[in-house]
Amino acid sequence: KCNAGMYMFDRGSGNGKECRVCENGTVSAYGASVCQVCGIGKYSDSQKVFCNLCEAGLWSNDTHQMSSATCRQCESGTYSTARGAGGPDECVPCAPGKYSDEPGAVSSEVCLLCDINEYQEISGSVSCKQCPAGFTSSAQGSPNCLACEAGEFLKTETNGSKSCVVCDDGFMPSLDQLRCLPCAPGTAGVGGVCVPCLHYRSKWMETLVPNEDRTSCDCTGNPGICAATWCGSTPDGCGGTIECGGC
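Here goes a summary of the coordinates provided. Note that this is a predicted model, so its numbers are computed, not measured.

A few points about the state of the cysteines
In step 1: Within the structure shown, the criterion is met by 11 disulfides.
In step 2: Paired by a disulfide, Cys2 and Cys19 hold their sulfur atoms 2.0 Å apart. Where Cys2 bonds to Cys19 through sulfur, the torsion about that S-S bond is close to -95°, and the disulfide is left-handed. With Cys2 in the segment before strand E1 (6-10) and Cys19 in strand E2 (residues 17-21), this residue pair connects regions lying 17 residues apart in the sequence.
In step 3: Residue classification places Cys19 among the partly exposed residues on the basis of a relative accessible area of 33%.
In step 4: Two residues share a disulfide in this structure: Cys22 and Cys35, whose sulfurs sit 1.9 Å from each other.

As for the pairing of strand E17 (residues 152-156)
In step 1: In the sheet, E17 pairs with strand E18 (residues 162-166) via five bridges, with the strands oriented antiparallel. Pairing of Glu152 across the sheet is with Val166, part of E18.
In step 2: Counting the residues that bridge the hairpin from E17 to E18 gives five residues, and of these Gly160 lies at a positive phi of roughly 95°.

Observations regarding the pattern of salt bridges
In step 1: One pass over the full model with this rule turns up five salt bridges.
In step 2: Across the salt bridge formed by Arg83 and Glu55, the nearest N and O atoms sit 3.6 Å from each other. Here the residue Arg83 occupies a position in the loop between strand E9 (78-79) and strand E10 (92-93), and Glu55 occupies one in the loop between strand E6 (51-53) and strand E7 (58-59), the gap between them amounting to 28 residues.
In step 3: For Glu55, a relative accessible area of 41% translates into the label partly exposed.
In step 4: For Glu121, the salt bridge identified is with Lys129, shortest N-O distance 3.1 Å.
In step 5: By relative accessible area, Glu121 is classed as partly exposed at 40%.
In step 6: For Lys129, a relative accessible area of 32% gives the class partly exposed.

Some remarks on the packing of aromatic side chains
In step 1: This structure, assessed with the given rule, holds zero aromatic pairs.
In step 2: Over the aromatic face of Phe9 sits the side chain of Arg20, whose NZ or CZ is 3.5 Å from the ring centroid.

Digging into unusual backbone geometry
In step 1: Despite not being glycine, Asn117 has its phi angle at roughly 75°, a positive value.
In step 2: Looking at the secondary structure, you find Asn117 in the loop between strand E12 (112-113) and strand E13 (118-119).
In step 3: One non-glycine residue, Gln177, adopts positive backbone phi at about 55°.
In step 4: On the secondary structure map, Gln177 appears in the loop between strand E19 (171-173) and strand E20 (180-182).

Observations concerning the nonpolar core
In step 1: In this structure, Tyr79, Cys94, Ala105, Val110 and Cys111 together form the largest nonpolar core, which totals five residues.
In step 2: Every residue in contact with Val110, bar those within four places of it in the chain, is listed here: Tyr79, Tyr99, Ser100, Glu102 and Ala105.

Cut-offs applied
- Residues numbered from 1 in each chain as written.
- Predicted model: local features only at pLDDT ≥ 70, side-chain atom pairs only at ≥ 80, totals over all residues.
- Heavy atoms only, no water.
- Disulfide = S-S within 2.5 Å.
- Helix = DSSP H or I, 4+ residues; strand = E, 2+ residues; numbered from the N terminus.
- Buried < 20%, exposed > 50% of the residue type's maximum accessible area, 1.4 Å probe, protein only.
- Pairing = 2+ DSSP bridges.
- Salt bridge = Lys/Arg side-chain N within 4 Å of Asp/Glu carboxyl O.
- Phe/Tyr/Trp six-rings, centres within 6.5 Å; stacked < 30°, edge-to-face > 60°.
- Lys NZ or Arg CZ within 6 Å of the ring centre and 35° of its normal.
- Core = buried A, V, L, I, M, F, W, Y, C linked by side-chain atoms within 4.5 Å.
- Contact = heavy atoms within 4.5 Å.

Here you go:
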């Protein structure tokens, strides 16, 4: 019988048999008549006795391999916890909101969370993207960025983190929502939303104008309304009355 790593070869025509060494990438046990091919995800040892598995984080989609050097690394952004992977599709991609720049990873722990104000919507990524102006991600590991709500601006803290903050009363966000601006002339508001103050004429000629800090619209009545009134009280145009007297 032949030793392990060899097989029995029939020379034919009555010339008998002899033991021959297994071909590269094949193995055999003691007494074997044929050698077995090392399949995908495997390679033969130097003695051609065992098919070894590619280690975790590595893969091979070829047969007849004879060295661990033929096992290839999972790409950055992916990992593999199992031995004997038969192709790159068996490497697990990091989930959206995470990334990894380390090839040949053997654990999901290599997948790091994107920071606040970053995002990544694609699995198997090697880096994260910055949120565009006026958008932010409020937590680590976000797959997308969200726009600040109406009345909010994107505030940058001293440590570089960003968050959506409501503008002070009397102010509203700029168009890019990166800062707050005073309410425009003729407008006033709270909670970062400025609205026009009403300007209109009626019997009482009342008018609404912004107060000094533009946080509310104040009413200005018609102080000369009493001139057209005989006596007593008359509406002031702001929901109240004026006592004219003269009765």
